[in-house]
Amino acid sequence: MTIKPLIILPDPLLRQVSKPVERVDSDILKLADDMLETMYDAPGIGLAAVQVGVARRLLVIDVSREDEEKQPLVFINPEILTSSDERSTYEEGCLSIPDYYAEVERPAKVTVRSINREGKEQTTEAEGLLATCLQHEIDHLNGVLFIDHISRLKREMVIKKFTKAARGKAI
């Protein structure tokens, strides 16, 4: 397994809509494994393929706590089928927007259909942190970032900060 470099805001790739995975093959499984290794190394609890430079509809998640055994989940071509009217708020962060966190309100429960590592369709009923993480990562696949769910003023400040930092690295 390989730790992949993370794509950081303001990279335009983060705003790209990811294309579906056409078949689950050894390349996709290797990418999923590399993404898990990258996510654990960061450390994070979720990672979309676009965050490692691959605009495909693939994401990995592990919301287990540090004192628990790892529980890696792989979602290929995930789509939200239903979401609850009930809302929950979590402080979210993003490996592509390092060291910035904000409260985001989302549906408390979601039902997600996807394909698993074996190429079989699966349906996941999620609530709590898993529901939030799934929505956050599926947003990435649609070119949406968690900062799009906060006020325009805060979002513009974050984008400005990261754009300035990126310009400083390019010099």
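Computed from a predicted structure; not experimentally measured. (Residues numbered from 1 in each chain as written. Predicted model: local features only at pLDDT ≥ 70, side-chain atom pairs only at ≥ 80, totals over all residues. Heavy atoms only, no water.)

Student: Provide a residue-level description of the side chain of Gln 51, including the pertinent values.
Tutor: Its place among the elements puts Gln 51 in the loop between β1 (46-48) and β2 (58-61). In this view, Gln 51 contacts Pro 5, Leu 6, Ile 7, Leu 14, Gly 46, Cys 94, Leu 95, Ser 96, Glu 137 and His 140; residues no more than four positions away in its chain are not counted. (Helix = DSSP H or I, 4+ residues; strand = E, 2+ residues; numbered from the N terminus. Contact = heavy atoms within 4.5 Å.)

Student: Summarise helix α2 (residues 128-141); cite the residues concerned and give the values.
Tutor: The end-to-end C-alpha distance of α2 is 21 Å, a good match for the 20 Å that 14 residues give at a rise of 1.5 Å each. Buried residues dominate α2, accounting for 12 of its 14 residues. (Expected span 1.5 Å × (residues − 1). Buried < 20%, exposed > 50% of the residue type's maximum accessible area, 1.4 Å probe, protein only.)

Student: Residue-level account of the layout of surface pockets, with values.
Tutor: Volume-wise, the largest pocket comes out at about 520 Å³. What lines the largest pocket is a set of 24 residues, and nearest its centre among them are Gly 44, Ile 45, Gly 93, Cys 94 and Tyr 101. Mapped by element, the contributors of at least two residues to the lining of the largest pocket are β4 (87-94), β5 (97-107) and α2. Among the elements that line the lining of the largest pocket, the one with the most residues is α2, at six residues. Taken as a whole, the second largest pocket spans an internal volume of roughly 300 Å³. Lining of the second largest pocket is provided by Tyr 40, Pro 43, Gly 44, Ile 45, Asp 62, Ser 64, Arg 65, Glu 66, Glu 68 and Lys 70. Partitioning the lining of the second largest pocket into residue classes produces three nonpolar, two polar and five charged. (1 Å grid on protein atoms, 1.4 Å probe; cavity = no way out; pocket = protein on both sides within 12 Å on 5 of 7 lines; lining within 4 Å. Points joined across faces, edges and corners; volume = space filled by probe spheres on them. Nonpolar A, V, L, I, M, F, W, Y, C, P; charged D, E, K, R; others polar.)

Student: Can you explain the pairing of strand β3 (residues 73-83)? Please cite residues and give values.
Tutor: Here β2 runs beside β3; their pairing, made up of four bridges, is antiparallel. Each bridged residue has a counterpart across the sheet, and for Leu 58 the counterpart in β3 is Ile 76. Here β3 runs beside strand β6 (residues 109-115); their pairing, made up of five bridges, is antiparallel. Paired with Ser 83 across the two strands is Val 110, which belongs to β6. (Pairing = 2+ DSSP bridges.)

Student: Describe helix α1 (residues 26-41), with residues and values.
Tutor: Along its 16 residues, α1 runs 22 Å from first to last C-alpha, staying within 8% of the 22 Å computed at 1.5 Å per residue. Buried within α1 are the following residues: Ile 28, Leu 31, Ala 32, Asp 34, Met 35, Leu 36, Thr 38 and Met 39. Buried-residue contacts for α1 involve β1, β2 and β3.

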